[in-house]
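# Reading the structure
The lines below spell out each chain.
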Amino acid sequence: MRSTLKRSWTSALPEAALLGLGILAVALLSACSNDKRDVAGGTEAESTIALQLQLADGNVAAYSRVRVLPEDYLPETANAAEWTESDVNGYVKVPVEPGSYTVEARHVDGTVATGAVRSVALDAKTPDSRVDTLELGALSTIEGYVMLGDSMPVIRIAGLDRFVIPDSTGHFVIDSLPAGSFEVQIGDPLAAHSAKVESMTGDTLFVDCSVSDAEIQVTKPTQTAATDFPDGDWSMHDALLAEADGYAAAVPGGMKVLGAAGFTDSLGTISEAEGEICIVTTTADYVIVEDTTDVDSAGNAKTTAVIAPGSLRECAYKDGPTWILFEKDGTYNLEAPLRLGSDKTFDGRGREVRITGMGILTQESSNLIFENLIFTAPSITALDTTSRRALSIHNGTHHVWVDHCTFEEYPLVELDVKRGSHNITISWSRFENAQTGVLFGLAADIIMDTAQSLTIHHNYFAGLSQDGILAHGGKLHAYNNFFDSVEKSGVVCSDAARCLIEKNVFNNELPVTLYRWYNEDGSPVDSTVGFVNMVENKFSVEGSDSDFADHAVGFVPDYKYESGLADVSLVLRLKNESGSR
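Residues numbered from 1 in each chain as written. Predicted model: local features only at pLDDT ≥ 70, side-chain atom pairs only at ≥ 80, totals over all residues. Heavy atoms only, no water.

### What to know about empty space enclosed by the protein
Applying the stated rule across the entire model yields one cavity of 30 Å³ or more. Roughly 40 Å³ of volume is contained in the largest cavity. Lining the largest cavity are T283, A284, D285, L312, R313, Y332, N333 and L334. Of all the elements, strand β22 (residues 330–334) adds the most residues to the lining of the largest cavity, at three residues. Of the residues in the lining of the largest cavity, the class split is four nonpolar, two polar and two charged. (1 Å grid on protein atoms, 1.4 Å probe; cavity = no way out; pocket = protein on both sides within 12 Å on 5 of 7 lines; lining within 4 Å. Points joined across faces, edges and corners; volume = space filled by probe spheres on them. Helix = DSSP H or I, 4+ residues; strand = E, 2+ residues; numbered from the N terminus. Nonpolar A, V, L, I, M, F, W, Y, C, P; charged D, E, K, R; others polar.)

Shown next, in the form of structure tokens:
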């Protein structure tokens, strides 16, 4: 029985590659099956590569894409080689001339893409490859950064149709690669200014092209391998939980159930649970895949953005308690807002994890830990509401701990806690280069929120054009913080907020403000007043605890804590020890 090729190789292949393949184009139209199966790939040919594609669960990978290229093939343009397709039983046969080839297969099921790569060698004595099984697995990436010189090098992989040009910052990602080792070609292999390096998926390459008449230098940083991460050993997570304090640690089950160590039920109750560990292995967020089962009249396959395997987003979207660790340093660009569920620990200890893009949002979530992360400039920089926060904790989110994080640049607010969110602790973090560091609650004319609660201690605020902390309603306990070069108020306590401001150092002219609005004559709008209790703070410019009567409406934190003196040693510690470690 004859079958029809659903897709042929493109005529856009480089001339040298076509000459090397000989009569491949003719053979594709005339090959037939040796085992009499009706398979995609044509009829009998002089040499044949025959495979059955299989998913990891053992099911056949019907209508998957396959392409076969010479093992030394390097594309001259992007998407130079087209795919053929397996049949309904996952079988595919591709006629070729004797030689060494790289077989690549890919399967798309909804938003999940899997794939595989295999090397095949055929000679005149054994021209046919037997029908072998090729199992498809998760896909990963190789990425890197190029130090540019006079030219921008093209990044390719021998035997695969990958043609990648670094972006304007020098960053590049080679996506949709199965786990394994690949020969990465940087620049023209016939020129002196080039390099070839063996690289594993998950690697980050640093490429130096700055000397135009010398060989390109490629290095791979030494990183702790994923196998060095705990396998069922949660002692490092337990050690982290032992440092939790403030409102976030006020859990009925105790600190031991925070983050990935606990489970939140439908009533919001957190109980001890056995979580899983997820390792982030790529900085990619989404990858674009083609679906050759959906082709338009011009022959263009439909493309779909799928969550990159091994990505931060994939780990964050896992069901149940999850301890998220990072295999390597890198910048993780969120191409869409990352909306979180409950019971996650994002642990960047031992890594330089930079998060940029569209920000992280919680929504009716609970039991979250953000540890040792750097939040940097977003993808939207307009000074309006389109500028999402780096981290937004809202809509009833509770029991969240943000510790040793750096918020290094954002156009408006770097972190907000609002709309009924409560039992939040922010500790040992840095807020710099924004209008406001922390927004706590919304203005009373939008929503009057009395249930929200925030502990914020041992944080460093600097380079802010407006306020360090802007509080609207709720209970705020701020102690042992350093407000340095904040142009307006260190803390705004307004809209009936009850604020205990204790043992902080203020190096700005306006340490605390009690009102959100002032009339044209400078008098305050009484309806926007907050209630402040100032205790043993240090003022290096002006101000005094006695400037405010004790009118915090009896607010005393319902948890135990230890606060140090507001002195020079505190300032030095916060300058040197706050933020990511």
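### Concerning the environment of K93
Take K93: it is sitting in strand β4 (residues 91–95). Counting along the chain gives 45 residues from K93 to T48, while the straight-line C-alpha distance between them is 6.4 Å.

### Some details on the nonpolar core
Burial of nonpolar side chains together is a common tendency in soluble globular proteins. Core analysis: the biggest nonpolar cluster contains 58 residues, and L312, F370 and V402 have the highest contact counts within it. Broken down by element, this core gets its largest block of residues, three residues, from helix α4 (residues 312–316). If sequence neighbours within four positions are ignored, F370 has contacts with L340, F346, I360, L391, V400, W401, V402, D403 and C405. (Core = buried A, V, L, I, M, F, W, Y, C linked by side-chain atoms within 4.5 Å. Buried < 20%, exposed > 50% of the residue type's maximum accessible area, 1.4 Å probe, protein only. Contact = heavy atoms within 4.5 Å.)

### Looking at unusual backbone geometry
Leaving glycine out, the prevailing phi sign among residues is negative, and the prevailing peptide bond configuration is trans. Even without being a glycine, Y63 presents a positive backbone phi close to 55°. Within the secondary structure layout, Y63 lies in the loop between β1 (48–54) and β2 (65–70). The class of Y63 is partly exposed, set by a relative accessible area of 37%. At N367, a position not held by glycine, the phi torsion is positive, near 60°. Relative to the helices and strands, N367 is located in strand β27 (residues 366–371).

### What to know about the side chain of E104
When you line up the elements, E104 lands in strand β5 (residues 99–109). At 2.6 Å, the side chain of E104 forms a polar contact with the side chain of R162. Apart from the residues lying within four places of it in its own chain, the contact partners of E104 are R65, V66, R67, W83, A116, V117, L160, R162 and S176. (Polar contact = N/O pair within 3.5 Å; in protein donor to acceptor, adjacent residues only side chain to side chain.)

### Digging into the state of the cysteines
Under the criterion given, the structure shown has two disulfides. There is a disulfide in this structure between C278 and C315, and the S-S distance comes to 2.0 Å. Judged by the sign of its S-S torsion, about -70°, the cystine formed by C278 and C315 is left-handed. Linking C278 in strand β18 (residues 276–280) with C315 in helix α4, this pair joins segments that are 37 residues apart in sequence. Using a relative accessible area of 7% as the deciding quantity, one classes C278 as buried. According to the relative accessible area criterion, C315 is buried, its value standing at 0%. Residue C493 pairs covalently with C499 via a disulfide, S to S 2.1 Å. Judged by the sign of its S-S torsion, about 100°, the cystine formed by C493 and C499 is right-handed. Just as C493 is buried, C499 falls in that class too. Here the cysteine-cysteine linkages of the chain are recorded as 1-2, 3-4, numbering only bonded cysteines and doing so in sequence order. (Disulfide = S-S within 2.5 Å.)

### Examining a negative patch on the surface
Together, E71, D72, E183 and E198 make up a region of like negative charge exposed at the surface. Mapped onto the elements of the fold, D72 is located in the loop between β2 and β3 (84–85). (Patch = residues over 30% accessible without salt bridge, like charges linked within 9 Å, V, L, I, M, F, W, Y side chains within 5 Å. Areas by Shrake-Rupley, 256 points an atom, 1.4 Å probe, with all protein chains shown as cover. Salt bridge = Lys/Arg side-chain N within 4 Å of Asp/Glu carboxyl O. Lys, Arg positive; Asp, Glu negative; His and termini not counted. Charge placed at Lys NZ, Arg CZ, Asp CG, Glu CD.)

### Focus on the pattern of salt bridges
Overall, the coordinates contain 18 salt bridges when judged by the stated rule. Between R106 and E104 there is a salt bridge; the shortest N-O distance is 3.0 Å. With a closest N to O distance of 2.7 Å, D285 and R313 form a salt bridge. Highlighted residues: D285 in the loop between β18 and β19 (286–295) and R313 in helix α4, separated in sequence by 28 residues. Across this residue pair, the class does not change: D285 and R313 are buried. Connected through salt bridges with shared partners, the residues R67, E104, R106, D161 and R162 form a single ionic network.

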